[in-house]
Amino acid sequence: MSDDEKPQSALAKASAERRAMVPIGERGIALQNLDDLMKFAKMACDSIGPKGMTESQAAIAIQAGLERGLGLLGGLQAAVVINNVLSWRGWAAVGFIQNSPVVVQGSFRSWVEGEGDSRTGYCQAQRKGYTEPFLRKYSVKDAKVARLWLKGGPWESRPDNMLEWRAIGDMARFHFGDVMGNLPIAEKDRKSTRLNS
């Protein structure tokens, strides 16, 4: 090997070693490029990633979380993939809306009231610039029409929660899509009975 080749070879080796390293900053791992993201996604899937989530899905979930101001692990835990659609877990969506600068602080609330078929989940929130809050609701009757009521799973074990989540999902979709990054909430998915857990 000539003297000219030695420095180039050493430089290429040092460059490859730097690419293989992911820097750690004040707030933890600092991803620099897509390779770093994929390495982190693989590590997460091999250890703590949601069951059934692929490395590619984990990378997309992390990216979606970063876009919403979450850290690497926050995006991984706040997002799920259902029927190849990335969705936010409901608790994450509530946090995004409650903490958004476009929302009148303290205006977000959700609840269930009524009995029998009139039992209804509600969600209310007000955007800045509007004089009245938005109100969304989802009733037992709505769930029956959508053939969700006898579906089993959480509709059977936690029906009030599901009515409330449906109302929250509608609120997020119709009035705060920008806040949600135009992604749905997982609890609103109407075709899936399985969430990555």
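Here the structure is a predicted model, which means the values were calculated and not measured.

Asks: Would you take a moment to explain the overall build of the protein chain for this structure?
Replies: For the protein chain, the count of helices and strands is 8 helices and 7 strands. The buried share of the protein chain, taken over its 197 residues, is 40%. Contacts in the protein chain between residues at least 24 apart in sequence constitute 49% of all its contacts with a sequence separation of at least 6.

Asks: How should the pattern of salt bridges be read in this particular structure?
Replies: Where side chains of opposite charge bring their charged atoms close, a pairing between them can arise. This model, assessed by the stated rule, comprises 4 salt bridges. Ionic pairing is found between Lys42 and Asp46, a salt bridge with its closest N-O pair at 2.8 Å. A residue pair is termed a helical-turn pair when its members lie 3 or 4 positions apart in one helix, as Lys42 and Asp46 do in helix α2 (residues 34-47) at 4 residues. A relative accessible area of 39% means that Lys42 is categorised as partly exposed.

Asks: What is the right way to look at the pairing of strand β4 (residues 85-88) in this model?
Replies: Residues in a regular strand project their side chains so that they alternate between the two faces of the sheet. The sheet contact formed by strand β3 (residues 79-82) and β4 spans 4 bridges and is antiparallel. Paired with Ile82 across the bridge in β4 is Val85. The turn linking β3 back onto β4 is made up of 2 residues, and Asn83 within it adopts a positive phi angle of 50 degrees.

Asks: Help me understand the nonpolar core in this model?
Replies: A general feature of soluble globular proteins is that nonpolar side chains tend to end up buried together. Ile97, Trp155 and Met180 are the most contacted members of the largest nonpolar core, which has 44 residues in total. The dominant element in this core, judged by the number of residues it contributes, is helix α8 (residues 159-175), at 7 residues. Residues in contact with Ile97, not counting those within four places in the same chain, are Val103, Phe108, Ala172, Phe176, Val179 and Met180.

Asks: Explain the packing of helix α5 (residues 90-98) against α8 to me, please; I cannot follow it from the model alone.
Replies: Two packed helices can be described by the angle between their axes and the distance between those axes. Contact geometry for α5 and α8: axes closest at 11 Å, N-to-C directions at 45 degrees. Here α8 runs oblique to α5, going by the angle between their axes. Considering how the two elements wind past one another, α5 and α8 form a crossing that is left-handed. For the pair formed by α5 and α8, the contact residues are Gly90, Trp91, Val94 and Ile97 on the first element and Trp165, Ile168 and Ala172 on the second. Considering only residue class, the contact of α5 with α8 consists of 6 nonpolar, 1 polar and no charged.

Asks: Even after reading the chapter, I still don't get the side chain of Arg89, so can you show me in this structure?
Replies: Along the chain, Arg89 turns up in the loop between β4 and α5. A polar contact of 2.8 Å, which involves the side chain of Arg89, links it to the backbone oxygen of Gln77.

Asks: So what exactly am I meant to see when it comes to the packing of α2 against helix α3 (residues 55-67) here?
Replies: At their nearest, the axes of α2 and α3 sit 8 Å apart, and the two run at 115 degrees to each other. Comparing the axis directions of α2 and α3 gives the class roughly perpendicular. Seen along the crossing, α2 lies across α3 with a hand that is right-handed. Note on element contacts: α3 touches α2 through Glu55, Ser56, Ala58, Ala59 and Ile62, opposite Leu37, Met38, Phe40, Ala41, Lys42 and Cys45. Here the residues of the contact of α2 with α3 are counted per class, giving 8 nonpolar, 1 polar and 2 charged.

Asks: Looking at this model, I keep getting lost on the sheet that holds strand β5 (residues 109-113). Mind explaining?
Replies: In any sheet, the strands associate via hydrogen bonds between backbone groups, in a parallel or an antiparallel arrangement. The antiparallel open sheet is built from 3 strands, whose spatial order is β5-β6-β7. Where the open sheet ends on each side, the last strands, each with one partner, are β5 and β7 (134-139). In this sheet, adjacent strand axes meet at a mean angle of 15 degrees when their direction is disregarded. In the packing of α8 onto the sheet, the strands contacted are β5, β6 (120-125) and β7, and the crossing angle to β7 comes to about 140 degrees.

Asks: I tried to follow the packing of aromatic side chains on my own but got confused; where do I start?
Replies: Two aromatic rings are characterised by how far apart their centres lie and by the angle between their planes. Enumeration according to the criterion identifies 5 aromatic pairs in this entry. Ring plane angle 80 degrees and centroid distance 4.9 Å describe the contact between Trp88 and Phe96, whose orientation is recorded as edge-to-face. Ring centres 6.5 Å apart and planes at 80 degrees place the aromatic pair Phe134 and Phe176 in the edge-to-face group. Taken as a pair, Phe134 in strand β7 and Phe176 in the segment after α8 lie far apart in primary sequence, 42 residues in all. Taken individually, Phe134 and Phe176 each receive the classification buried, so the pair is uniform in this respect. An aromatic cluster is present here, built from Tyr130, Phe134 and Phe176 joined pairwise through their rings. A cation over a ring is seen here: Arg109 above Trp111, with NZ or CZ 3.9 Å from the ring centre. One Lys or Arg, Arg166, reaches over the ring of Tyr138 and ends 5.5 Å from the middle of that ring.

Quick notes on the rules
Residues numbered from 1 in each chain as written. Predicted model: local features only at pLDDT ≥ 70, side-chain atom pairs only at ≥ 80, totals over all residues. Heavy atoms only, no water. Helix = DSSP H or I, 4+ residues; strand = E, 2+ residues; numbered from the N terminus. Buried < 20%, exposed > 50% of the residue type's maximum accessible area, 1.4 Å probe, protein only. Contact = heavy atoms within 4.5 Å. Salt bridge = Lys/Arg side-chain N within 4 Å of Asp/Glu carboxyl O. Pairing = 2+ DSSP bridges. Core = buried A, V, L, I, M, F, W, Y, C linked by side-chain atoms within 4.5 Å. Axes fitted to C-alpha atoms, helices over the stretch in contact; angles between N-to-C directions. Parallel < 35°, antiparallel > 145°, perpendicular 65-115°, else oblique. Left-handed = near helix turned anticlockwise from the far one by under 90°. Nonpolar A, V, L, I, M, F, W, Y, C, P; charged D, E, K, R; others polar. Polar contact = N/O pair within 3.5 Å; in protein donor to acceptor, adjacent residues only side chain to side chain. Phe/Tyr/Trp six-rings, centres within 6.5 Å; stacked < 30°, edge-to-face > 60°. Lys NZ or Arg CZ within 6 Å of the ring centre and 35° of its normal.

Spatial relationships are all this shows, so hold off on functional conclusions.
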